[in-house]
Amino acid sequence: MPKERKEKSNPFHFAQEQLDSAAKIMKLDPAIHSILREPMKELHVTIPVKMDDGKTKVFKGYRVQYNNVRGPCKGGIRYHPEETIDTVRALAAWMTWKVSLVDVPYGGGKGGVICDPKKMSQGELERLSRGYIDAIWQIIGPEMDIPAPDVYTNPQIMAWMVDEFSKLKGYYCPGVITGKPIPLGGSEGRGDATAMGGIYTVREAAKHLNIDLNHATVAVQGYGNAGSFAAILSKKLFGSKIVAVSDTKGGIYSAKGLDPKAVLKHKQKTGSVVKFGRTEPISNKKLLELKVDVLWPSAIEGVINGDNAGRIKAKIIAEAANGPTTPEADKILDKRGIFVIPDFLCNAGGVTVSYFEWVQNLYGYYWSAEEVYKRLDQKMTRAFHDTLNAYREYKVDMRTAAYIVAVRRVAEAMKLRGWV
Ligand code: GLU
């Protein structure tokens, strides 16, 4: 990739640019602004792993603690072949705004390991996950920094990680990791929490825009944890029609509508949504440009950019992924009147239920699924309307409005603690 293009698509630069625009509008104290432009602390580690062929492979990993003024850092761990320190920095910054926007007592953090989990055995993944914890355990803990799942990590990986940390401490510490399997202290409702949180924000957005979700069409890009549940819940709770879904291998389209649960079963069996019966193939590129009511980018960053933003025809973009829209695209979408539910609002349901999980772990007292969803709905609806109020007051796009609300709370805490 030519250097200039790489520079142009650096997600951390996007995160800084987004903060800069909000800072200008809200007249943020320059000292606070400088602190918030950079991560507070980062750890770079090497992880030697014995592979199944007997050879040792050395992986690189990171943990970024972006800001902890409002509480311990919180954020997932990504396993990705193209992970970079700048991606982890951007994701850690977005976590800072996310936890502030839903008003849970955390700061932002994120972890990443450069690896390709699709090409690793379960044994290799377990040794890598334990090795990562061995390398970072001194800077994490229920009061310090609490990891969770993200792209290509899952509850089983969290189980190995919580076990490794607990062995190092000498006692079981469920509160160090969230997104755990339920028998290990995981929370009811954590599995589909990211999508469910997004669903609540789409419900509120549709009320604001006067869109009838019962007659709405939906396209979902990415069919992992967030995307598959977004499709399933859109059909189940709203009665919307899912016309297209995709994953890294390609997409499928049906004007009549798909059964998202059956598509998930097909993906679990074959490894992809493609070739699901009675559908037409569609590329990821074309899927993003479909004329639908709700588009859910649910994979990775940068998919809606300067190249395609002019051709997006959705009414609502529900950003289940982190960072799917670049700042250049944001300007184009705003001009074209497309309503964006920004990532750190739309996908905040995951970390909100992670917070509930941590609270339950600290209490040693567990809630029903019903209780979890009720509290999640309250948090998401509140965050949506806080953002919508700022959107009206400052006459900015929804992302900038969300920044204004989130950054204001972080700045207030910094002032109160005497950091500036
Ligand atoms: N990785 C998820 C996110 O980006 C969840 C983080 C968490 O639960 O701590 O929000």
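Residues numbered from 1 in each chain as written. Predicted model: local features only at pLDDT ≥ 70, side-chain atom pairs only at ≥ 80, totals over all residues. Heavy atoms only, no water.

Q: Looking at this structure, how should I read empty space enclosed by the protein?
A: Remark: the empty space left among the atoms is shown by a probe the size of a water molecule rolled over them. In this structure the tally under the stated criterion is one cavity of 30 Å³ or more. Its boundaries defined by the atoms lining it, the largest cavity holds a volume of some 30 Å³. As for the largest cavity, its lining consists of Ile199, Val202, Leu213, Val218, Ser234, Phe238, Ser240, Val294 and Trp296. Those elements that place two or more of their residues in the lining of the largest cavity are helix H7 (193-209), helix H8 (225-238) and strand E10 (294-297). (1 Å grid on protein atoms, 1.4 Å probe; cavity = no way out; pocket = protein on both sides within 12 Å on 5 of 7 lines; lining within 4 Å. Points joined across faces, edges and corners; volume = space filled by probe spheres on them. Helix = DSSP H or I, 4+ residues; strand = E, 2+ residues; numbered from the N terminus.)

Q: Help me understand the environment of Pro105, please; the structure alone is not making it clear to me.
A: Turning to its location among the elements, Pro105 is positioned in the loop between helix H4 (85-101) and strand E4 (107-114). Distance in space between the C-alpha atoms of Pro105 and Lys27 is 25 Å, their sequence separation being 78 residues. Ignoring anything within four residues of it in the chain, the contact list for Pro105 reads Arg70, Gly71, Pro72 and Tyr355. (Contact = heavy atoms within 4.5 Å.)

Q: Even after reading the chapter, I still don't get the site of the ligand, so can you show me in this structure?
A: Around the ligand sit 14 residues in total, of which Lys74, Lys98, Pro149, Asp150 and Ser354 are the nearest. Lys98 is positioned such that a nitrogen or oxygen atom in its side chain is 2.7 Å from an oxygen atom of the ligand. Asn322 is positioned with one of its side-chain polar atoms (N or O) 3.2 Å from an oxygen atom of the ligand. In isolation the ligand has 290 Å² of accessible area, and contact with the protein removes 94% of it. (Near = heavy atom within 4 Å. Polar contact = N/O pair within 3.5 Å; in protein donor to acceptor, adjacent residues only side chain to side chain. Areas by Shrake-Rupley, 256 points an atom, 1.4 Å probe, with all protein chains shown as cover.)

Q: I would appreciate a short explanation of the confidence of the model for the chain in the present structure.
A: The predicted coordinates ought not to be read in detail in places where the model reports low pLDDT. Of the residues in the chain, 98% reach a pLDDT of 70 or more, and the chain-wide mean stands at 97. Contacts for the low-pLDDT stretch residues 1-7, under 50 throughout, to residues beyond four places or in other chains number two contacts. (pLDDT = per-residue confidence, 0-100.)

Q: Quick question: what am I supposed to make of the side chain of Arg190 here?
A: Topologically, Arg190 is positioned in the loop between helix H6 (155-169) and H7. Here Arg190 occupies a buried position and makes no salt bridge, while the nearest side chain of opposite charge, Glu357, is found at 4.7 Å. If we skip the residues at most four places from it in the chain, Arg190 touches Pro149, Gly179, Gly350, Val353, Ser354 and Glu357. (Buried < 20%, exposed > 50% of the residue type's maximum accessible area, 1.4 Å probe, protein only. Lys, Arg positive; Asp, Glu negative; His and termini not counted. Salt bridge = Lys/Arg side-chain N within 4 Å of Asp/Glu carboxyl O.)

Q: Honestly, the pattern of salt bridges in this entry has me stumped. Any pointers?
A: For side chains of opposite charge, pairing can occur when their charged atoms come near one another. All chains considered together, the criterion is met by 27 salt bridges. For the salt bridge of Arg203 with Asp377, the shortest nitrogen-to-oxygen distance reads 2.8 Å. One end of the pair, Arg203, is in helix H7; the other, Asp377, is in helix H14 (residues 369-394), and 174 residues separate them in sequence. A single salt-bridge network, built from bridges that share partners, covers Glu126, Arg130, Asp163, Glu164 and Lys167.

Q: Help me understand unusual backbone geometry in this model?
A: Working note: non-glycine residues mostly have negative phi, and peptide bonds are mostly trans. You will see that Asn210, though not glycine, has its phi angle at about 60 degrees, which is positive. Turning to its location among the elements, Asn210 is positioned in the loop between H7 and strand E6 (217-221).

Q: How should the environment of Ser228 be read in this particular structure?
A: Position of Ser228 relative to the elements: it lies in helix H8. The class of Ser228 is buried, set by a relative accessible area of 3%. For the pair Ser228 and Gly191, spaced 37 residues apart in sequence, the C-alpha separation works out to 11 Å. Among residues more than four places away in sequence, those in contact with Ser228 are Gly222, Tyr223 and Leu264.

Q: Looking at this structure, I do not really get the pairing of strand E1 (residues 41-50). What am I missing?
A: In summary, the side chains of a regular strand alternate between the two faces of the sheet. As paired strands, E1 and strand E2 (residues 56-67) are joined by ten bridges and run antiparallel to one another. Bridge pairing links Glu42 to Val64 in E2. Between E1 and the antiparallel strand that follows it, E2, lie five residues; Gly54 among them carries a positive phi value of about 95 degrees. (Pairing = 2+ DSSP bridges.)

Q: I'm lost on the sheet that holds strand E7 (residues 241-247) in this one. Help?
A: Sheets are built from strands that pair by backbone hydrogen bonding, the pairs being arranged parallel or antiparallel. Within the open sheet, the seven strands sit side by side as E9-E8-E7-E6-E10-E11-E12. Their pairing is mixed. Since the sheet does not close on itself, it has two edges, and those belong to strand E9 (280-282) and strand E12 (339-341), each with one partner. Going from strand to strand, the sheet's axes swing by 20 degrees on average, the running direction of each strand aside. Two strands pair when backbone bridges link them, and strand E8 (residues 250-253) and E9 are joined in this way by three bridges, in the antiparallel orientation. Counterpart to Tyr253 in the pairing with E9 is Glu280. (Axes fitted to C-alpha atoms, helices over the stretch in contact; angles between N-to-C directions.)

Q: In this structure, what is going on with the packing of aromatic side chains? I would like to understand it.
A: Summed over all chains, the structure comprises ten aromatic pairs. Ring centres of Trp97 and Tyr403 lie 5.9 Å apart, and the angle between their planes is 50 degrees; on these two criteria the pair is classed as tilted. Taken together, the residues Trp97 in helix H4 and Tyr403 in helix H15 (residues 398-417) connect sequence positions 306 residues apart. Take Trp97: its relative accessible area is 1%, and that puts it in the buried class. We classify Tyr403 as buried; its relative accessible area is 1%. Its guanidinium or amino end placed over the ring of Trp367, Arg375 lies 4.5 Å from that ring's centre, counting from NZ or CZ. (Phe/Tyr/Trp six-rings, centres within 6.5 Å; stacked < 30°, edge-to-face > 60°. Lys NZ or Arg CZ within 6 Å of the ring centre and 35° of its normal.)

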